[in-house]
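Spelled out, the chains give:
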Amino acid sequence: MKKKRLASIFLSLALTAGVMAGCGGQKETSSSSGGGGGDTIKIGANLELSGGVASFGQSIAEGLELALEEINKEGINGKKLELVKVDNKSDAAEATNGAIKLVSQDKVAAIIGAATSTNTLAQVQVAQDNKIPLITPTGTNPTITNKDGKVNDFVFRTCFIDPFQGTVAAKFAINDLKVKNAAVLIDSSSDYSKGLSAAFKEAFEKEGGKIVAEEAYVAKDTDFRATLTRIKSANPEFIFLPGYYEEVGLIVKQARELGINVPIMGGDGWDSPKLVEIAGKDPLNNTFITNHYSSNDPDQKIQDFVKAFKAKYNKSPDAFSALGYDTAYFLADAIKRAGSTDPEKIKDALAKTKDLALVSGTLTLDKNHDPVKSATILEYKDGQQQFKTKVNP
Amino acid sequence: MELIQQLVNGISLGSIYALIALGYTMVYGIVRLINFAHGDVFMIGSFVGFYAVTSFHVGFFPALLLAMVSCAILGVCIERIAYKPLRNATKIAVLITAIGVSLLIEYGTIYLRGAQPEAYPSTVLPDKKIEVLGVTVNSQSLLILGVSIVLMILLQFIVHKTKIGKAMRAVSHDAEAARLMGINVDNTISATFAIGSALAGAAGVIFGIYYTKIDPLMGIIPGLKAFVAAVLGGIGIIPGAMVGGLMLGVIESLVSGLGYSLWRDGVAFIILILILIFRPAGLFGKNVREKV
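Basis of the calculations
- Residues numbered from 1 in each chain as written.
- Chains lettered and ligands numbered in written order.
- Predicted model: local features only at pLDDT ≥ 70, side-chain atom pairs only at ≥ 80, totals over all residues.
- Heavy atoms only, no water.
- Helix = DSSP H or I, 4+ residues; strand = E, 2+ residues; numbered from the N terminus.
- Rg over C-alpha atoms; globule rule 2.2 N^0.38 Å.
- Buried < 20%, exposed > 50% of the residue type's maximum accessible area, 1.4 Å probe, protein only.
- Contact = heavy atoms within 4.5 Å.
- Lys, Arg positive; Asp, Glu negative; His and termini not counted.
- Charge placed at Lys NZ, Arg CZ, Asp CG, Glu CD.
- Phe/Tyr/Trp six-rings, centres within 6.5 Å; stacked < 30°, edge-to-face > 60°.
- UniProt positions renumbered as here; feature names shortened; annotations may be inferred.
- Buried area = accessible area lost by both parts, 1.4 Å probe.
- Salt bridge = Lys/Arg side-chain N within 4 Å of Asp/Glu carboxyl O.
- Polar contact = N/O pair within 3.5 Å; in protein donor to acceptor, adjacent residues only side chain to side chain.

Draft legend 1. Structural detail: the overall build of chain B. Secondary structure assignment for chain B yields eleven helices and four strands. Over its C-alpha atoms chain B spans a radius of gyration of 19 Å, differing by no more than 12% from the 19 Å that the globule rule assigns to 292 residues. If you line up chain B on its principal axes, its C-alpha atoms span 60 × 45 × 35 Å. Counting only residues that meet the buried cut, chain B has 54% of its 292 residues in that class. Sequence separation of at least 24 residues holds for 76% of the intrachain contacts in chain B that already meet a minimum separation of 6. Where the 20 positive side-chain charges of chain B centre and where its 14 negative ones centre are 10 Å apart.

In structure tokens, the structure reads:
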């Protein structure tokens, strides 16, 4: 018995030593090739690969990988891009940890991520402090790039910002749907949802509309019937619901069950195949979203991308995949123009991006590092997204 | 009219809490153990039902039965592996183990199948809207309420009228004395876990059908709410769990209905604290001496 225990202690010590040795070795190799010294340029991707909005992170990762495959056929200035992925589990604290790991351990030249505004904001300080460019493919909150009038010089994005999405939705409701009053239902645990609703309310009231009810929920709730009953009694002609697909799916389903049949509209946070599964096809009729692009758009560049994506993954790309794909090209273009892997030079090149033709539109950065490009409005019909109209800024 | 609709909303939400609380309170009543893994057994039940429906294309009742049986087995395994060795340990040790088991089940499930949510197919049960005087009642919420009541009556019957129920009550009263009287205490406790977990499994399937979305961390909040419901009614008392669950659901709906939807969870836990301060035995705690 005693012998056995001794043997097991010895064995576990030996194993621990082995694991530690393994770690040390790995670290050595990574630091020697890090920072772009060798033939590869390391790019970090800090994405929601699991957790509440995993579908966003996974879609972006697929777009990124497709783009890198294409870019690496030729390489950039003789070098290839290498993607180092970390999973932030859809959690802000994990996102910060992930960014620190990418910067200090993997020594990446730039970070791509995260998918949501909240998880991107959690990385901004790390990027600024370490002077590493951070590009969020889909973080739409304005404070990501510009906080209190001061531009975060290392932070960029590939998508348009919340006020734009909210304003587009308000104009669409008044001009196209001809509604006079609206209810707003927001996810009070999300910066994204709050940002969109603030912009919507401002634009909607400016255009002569009236907000008749304002309610809130928190992410991970499952029962919204009480709140929806309250909204129903206010008799709105339109509901603005800027949330993420998991809760939105449940809300739309429960709203229709309670007999709320008015149009419901949201933003790009709805864009996931899971939404249709959760809400069901019928309840989603008469709902609209503002989005970055539509795979039904006849534009040649979009159709080429859709074809390449389908060939690789055997499914149609959503907006997150498109923006992930665009982000890789956005960064690659800047590295090419910078002619260097120095993060400072990449940053300067990123800031000067102008008229870059991408899948989600022609990208020109304004002084806040925010792209100026068009928004697409989609309508759900029998569970399918239909291209409705394109709105320019 | 809005008030009546809110009551209806609250009762359907509360039936789910009640269904989970029944298993919770039963296990506590017999072994004096707060099984924090109960909410996760509920989650497993939901997934078993989901895979039964989507992969094997079975109907509602076979799926429900399969989930109940799998959860019963899981419950017995948890009891045998995690709790039995600690039978004579301090209460706090068992409580910490329960939390450990809960995390193990949650993250074990994420490891096995990923964290992405699944949506229950809408074809499992017909979903009809019934309108009475402007109040919308969902046929599925009537089903949940019905199932909860039937299971509660069945549970009362098992506990008070059968041999195993007698053994349970004896063990709950004094395990040592019961053992001396020739009752197999280990088997009785296992049976308790089997029944409690089967109830959680049933609740999981019904929750999946009613709310569509299921994910590996879905058991946490309903589990906590069911705990509050059980304490509210008097932990260990079966009708207490039922009433506590329904009350909690109605209170939450009314809080949301007044426009304080963000306070909903807060109110649930304030109730828990108030009950613990003023009526630690729960609403039904005084009259019933035998806690089963």
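Draft legend 2. View of the packing of aromatic side chains. Using the criterion set out here, one finds 26 aromatic pairs over all chains in the structure. Ring geometry for F160 of chain A and F164 of chain A: centres 5.3 Å apart, planes at 70 degrees, overall edge-to-face. Each of the two residues, F160 of chain A as well as F164 of chain A, counts as buried. Plain terms: the ring middles of F42 of chain B and F207 of chain B are 5.3 Å apart, the flat faces sit at 80 degrees to each other, and that makes the pair edge-to-face. Taken together, the positions of F42 of chain B in helix 2 (residues 38-55) and F207 of chain B in helix 8 (residues 185-211) put the pair 165 residues apart, joining distant regions of the chain. Judged by relative accessible area, F42 of chain B falls into the buried class, the value being 0%.

Draft legend 3. Representation of the UniProt feature "domain: Leucine-binding protein" (unreviewed entry) in chain A. With numbering aligned to this structure, UniProt lists the feature "domain: Leucine-binding protein" (unreviewed entry) at residues 40-383 of chain A. Segment residues 40-383 of chain A splits into 45% helix and 20% strand. End C-alpha atoms: 43 Å apart.

Draft legend 4. Examining the interface of chain A and chain B more closely. At the junction of the two partners, chain A supplies 28 residues and chain B supplies 28 residues. Summed over both sides, the interface between chain A and chain B buries roughly 2,500 Å², with carbon and sulfur atoms accounting for 50% of that surface. When the area that chain A buries against chain B is broken down by residue, the three leading residues are D223, R225 and E257 of chain A, summing to 21%. Between the two partners, chain A and chain B, sit three salt bridges. A salt bridge links D221 of chain A to R264 of chain B; its shortest N-O distance comes to 3.5 Å. Summed over the shared surface of chain A and chain B, the number is 17 residue pairs in polar contact (both at pLDDT 80 or more). Of all the secondary structure elements, the ones that give two or more residues to the side of chain A that touches chain B are strand 9 (210-217), helix 7 (225-233), helix 8 (245-257) and helix 9 (273-279) of chain A. Sort the elements by how many residues they give to the side of chain A that touches chain B and helix 7 of chain A lands first, with seven residues.

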